[in-house]
Each structure stands twice: as C-alpha cells, then as structure tokens.
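# Secondary and tertiary structure notes
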Amino acid sequence: MKQSKTLRRCEIVSNLTDSSGKPFWDMDRMKSVLADKAYCIREWAYIIHDQDRYSVQEEARRPDRKAGSLKTPHIHLLLRFASNQPQHISSIAGWFSLSENYIERIKGRWEDALLYLTHNNAPEKHQYNLEEVQANFDIKASFERADQSAYIHTILQRILDGEIREYNKTTEIDNMVLVNHARKINEAFKIRSEYLQATQKERNTEVYYICGPAGCGKTSLAKRLAHERGLAYFISSGSNDIMDGYCQEPCLIIDDARSDSMGLSDFLKLLDNNTASSVKSRYKNKYLNCELVIITSVFRIEDFHGRFINADTEPVRQLKRRCRTYIQMTEQTIRVSRWDEASNDYCKPRIFRNDIIHSYRASPLTEEVVSQEISDAFPFLTPFQEDETILVPLTCRVRAKDIIKDSAFKALLPK
C-alpha cells in the first residue's frame, strides 16, 4: 500500500454546510482535535469566511457561480506541526473526517498564509477583521511580523524584477528596512546583476562625446541631456576607477574623462553600443547596460584617443563610431555632429548658440550684496569706520581706509 505524503504545514478549506444546507464541518470535532493533537500541532489558526464573493474569473470557469454573488460560508484552518512531528495527509484527513483533497500543503511562506486569513495580502477581496481569527498564539504580533516579512519579500521581489535599482533604493525602500535587512537587499541586487549578465547580452546604448574648454558648460549640458530623456544619471569621478559608486543608473556621465583611467580596449568595450558588458572596477566589476553614456573632455576626440598609451592598437574610428554624437563647445557655440557610417566620418555639424553656459552664469555681485553676505557670515566681527585710526604691527597709526591702498600699505613696510 502506498504511503501518503507527509506535511509540515497545511491549510484546510471546507464549506460549513453541504449543497443541501446540512452541516458539513464539525466545529466541536475540530476544537477537540486541536486539543488532543497539541503534542504535534505547534500552531493553528482559523477563520470563517462568510463575505467572500465570486470573481469574474471564477464565473468564466463555472457559469453557475455568478460574479459578485456570495460564496457559501467556509472555514480556513492553518496547521503548522512541530519540526519533529510531520504528519501524513491521510492521518490529518482522518482527524477531521475529510477527504484528502480538502487538505493542501502550504507551498509558500507561512506568513503569507496567515495574512490571507483576513485577505490582508489580497486587497481586491473582502477584508476581515483580525479579531475574527482564532489561534493558539499571539496572532496580532504574528500579523505584524508577517506584514513586515511580506513587505521585505515584496521589496526583494521588486529588486529581482528590476523595479527597484540600486540608485533609487533610498527613495523606494524605508531607511530602517535598508539598515535592518541590508544583507538580503544587497544579495538581491547581486542576484539581479548576475541574472542580467546571464540573460541580457544585447543593449541599445547611445554615446555622446562632448569636448570644449573648461567652464564652457560641458557637464551642465550632459546633465541636461539626461534630464530631457527622464534618465537618472551617475557622474563618474576623475579617478582611475570611473565605475566606483555606479549603481545601475540608466545614464552614465564620464566627466572630465582621462585616458589613464583604463586601457583603450576596456574603454571601447564600455562604450559598445550593442553588447552589454561587465566593466572593471576596484572592488567588484560592474554590469553596465545603460541607455546613455556621455563623455566630457577638454580634448577633441582625436586628441583624446591619441593620449591612450596603446592608442596604436585601435584606430580612432573605433572610438568615433561608438560616439555617434560628437559635440564641440565654446563659450559662444555648440556644434553637434552625427557619425555617418557610410562616409566613415562625422557629418557637417549643426551650430547652436551656447545657451547652457549663460543660463548658469551668475550676474556680477553688487557692492551692497557683497557687504550683506559678508556681514551675514561674520556677524561677530565689528567693522572699522573709514576715519578710525588703527595700530598696525609696525607701531604706526594709519586710517582704515588707507590700509587697503597698495601705496599707503607699502609705505609702512621696512626699507
């Protein structure tokens, strides 16, 4: 005779009456079983659902179950057995005089099964009060832990699904959760990265190269380009580890790019428009599959390529064809060119006024503004009056207004 499978936890769902209205579930028998089997039943909880209604999906499967109509009142009974006392499903069925098909193994988490007693994790269904649940443990405390556990589970699932990325975790996840569950959260991000590396080999990445003298607005333009696309951006440091701190932002700005930050072949791999890659970083390699990469530099693209130690191993065309948009800036103009694969060169640029730098350039400070700002910063100092006599280290007395004049000050210095 085949032995029935054993369960460590299970759920029993049964109507309280049969189709003719006769009692089907024996509440007294259930309470007796729960008392008699206390040696093996570690925890139990149950509730009677009498406000459940059929859904549209259920009506589609069974036309006699009209969507919106009340279901027959039924009981949900959860049983969790002692770790050393798993029970055969046939034995459990015998306790309650039920067919084995009424007994289901709890395949997910015990916490989720608890929350479902009140439909806490099924907001589309009728919400029952926690007071309606009967249990042999502190159900309120368990629900609070289950709520927290369910929240953590949801957070981890959203990370694994790519809905939460490392760069926005502090705005998507409660800070105390980040502190208390850092290990699980970091592990989820690691698993997500490994999954992407294993499954997403292709990418569609646009690369811009922006060059121009210091102060012409290169970084401001890069940030504006990311903003216009609605992309969160990461601005790399100018150190040898340009990926240090990168958290999967969809836009990577390599600001003030240096040819000594990595080898030319690695740099070209980072800029590949079509193939996702893992980029070398100090502590661990970073998976890069972003939508936009923007490079800013004071060097024209040919000069930047030539500054790599091994520049002769890869022709400049390899860099240019990746940087499909080439932007040359001055304080007055912005020249934008696109790479033309057919002609193997950049097309004739369109020229625009450099409105970027002007929008960030400050107006000259007035004497009144300077005076107010300094007074606000040093409220504990007493200003001199112009006709006030002061003693300088040379033991000479001079008016305050004269000390700021080079000729007067120089006259006080030893010959």
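The coordinates are above.
The rules behind the values
Residues numbered from 1 in each chain as written. Predicted model: local features only at pLDDT ≥ 70, side-chain atom pairs only at ≥ 80, totals over all residues. Heavy atoms only, no water. Helix = DSSP H or I, 4+ residues; strand = E, 2+ residues; numbered from the N terminus. Buried < 20%, exposed > 50% of the residue type's maximum accessible area, 1.4 Å probe, protein only. Contact = heavy atoms within 4.5 Å. Areas by Shrake-Rupley, 256 points an atom, 1.4 Å probe, with all protein chains shown as cover. Core = buried A, V, L, I, M, F, W, Y, C linked by side-chain atoms within 4.5 Å. Patch = residues over 30% accessible without salt bridge, like charges linked within 9 Å, V, L, I, M, F, W, Y side chains within 5 Å. Salt bridge = Lys/Arg side-chain N within 4 Å of Asp/Glu carboxyl O. Pairing = 2+ DSSP bridges. Axes fitted to C-alpha atoms, helices over the stretch in contact; angles between N-to-C directions.

### Re the overall build of the protein
When you go through the protein residue by residue, the secondary structure sums to 16 helices and 19 strands. Looking at the protein as a whole, 37% of its 415 residues are labelled buried. Contacts in the protein between residues at least 24 apart in sequence constitute 61% of all its contacts with a sequence separation of at least 6. With an accessible surface of roughly 25200 Å², the protein has 49% of that area assigned to carbon and sulfur atoms.

### What about the nonpolar core?
Membership of the largest hydrophobic core comes to 30 residues, with the highest contact counts inside it found for L252, I254, F267, L270, L271, I295 and C323. For this core, the elements supplying multiple residues, two or more each, are β8 (206-211), β10 (251-254), α10 (264-270), β13 (292-297) and α11 (301-306). With residues up to four places along the chain from it excluded, the contact list for I295 reads V207, Y208, Y209, I210, I254, A257, F267, L271 and C323. Formed by 23 residues, the second largest nonpolar core is a distinct cluster that contains V33, W44, Y46 and I89.

### Comments concerning a nonpolar patch on the surface
There is a patch of nonpolar side chains on the surface, built from L365, V369, V370, I374, F378, F380 and L381 and spanning about 680 Å² of accessible area. Note that F380 resides in the loop between α14 (367-377) and β18 (389-391).

### Quick notes on the sheet that holds strand β3 (residues 41-49)
Read from one edge to the other, the open sheet built from five strands follows the order β6-β2-β4-β3-β7, with strand pairing classed as antiparallel. Edge positions in the sheet fall to β6 (103-105) and β7 (134-135), since each of these pairs with one other strand and no more. Of the strand pairs in this sheet, strand β2 (residues 9-15) and β6 are connected by three bridges, and their pairing is antiparallel. What sits directly across from E11, in β6, is E104. Seen against the sheet, helix α3 (residues 89-96) touches β2, β3, β4 (74-81) and β6 and runs at an angle of roughly 135° to β4.

### Considerations on the environment of L78
Counting through the fold element by element, L78 comes out in strand β4. What makes L78 buried here is its relative accessible area of 0%. Separated by 68 residues in sequence, L78 and C10 place their C-alpha atoms 5.9 Å apart. Once residues within four sequence positions are removed from consideration, L78 is found in contact with C10, E11, E43, W44, A45, I106, W110, A113, L114 and L117.

### Comments concerning the environment of I159
Mapped onto the elements, I159 comes out in helix α5 (residues 139-160). Spatially, the C-alpha atom of I159 lies 9.7 Å from that of N186, the residues being 27 residues apart in sequence. Those residues in contact with I159 that sit more than four places away from it in its chain are I164, I173, I185, A188, F189 and R192.

### Section: the pairing of β4
Most of β4 is tucked away: eight of the eight residues are buried. By the alternation rule, side chains of β4 split into H74, H76, L78 and R80 and I75, L77, L79 and F81, which are all buried. Direction of pairing for β2 relative to β4: antiparallel, over a ladder of seven bridges. When the bridges of β4 are listed, S14 appears paired with I75. Inspection of the sheet shows β3 paired to β4 by eight bridges, in the antiparallel sense. Bridged to I48 within β4 is I75.

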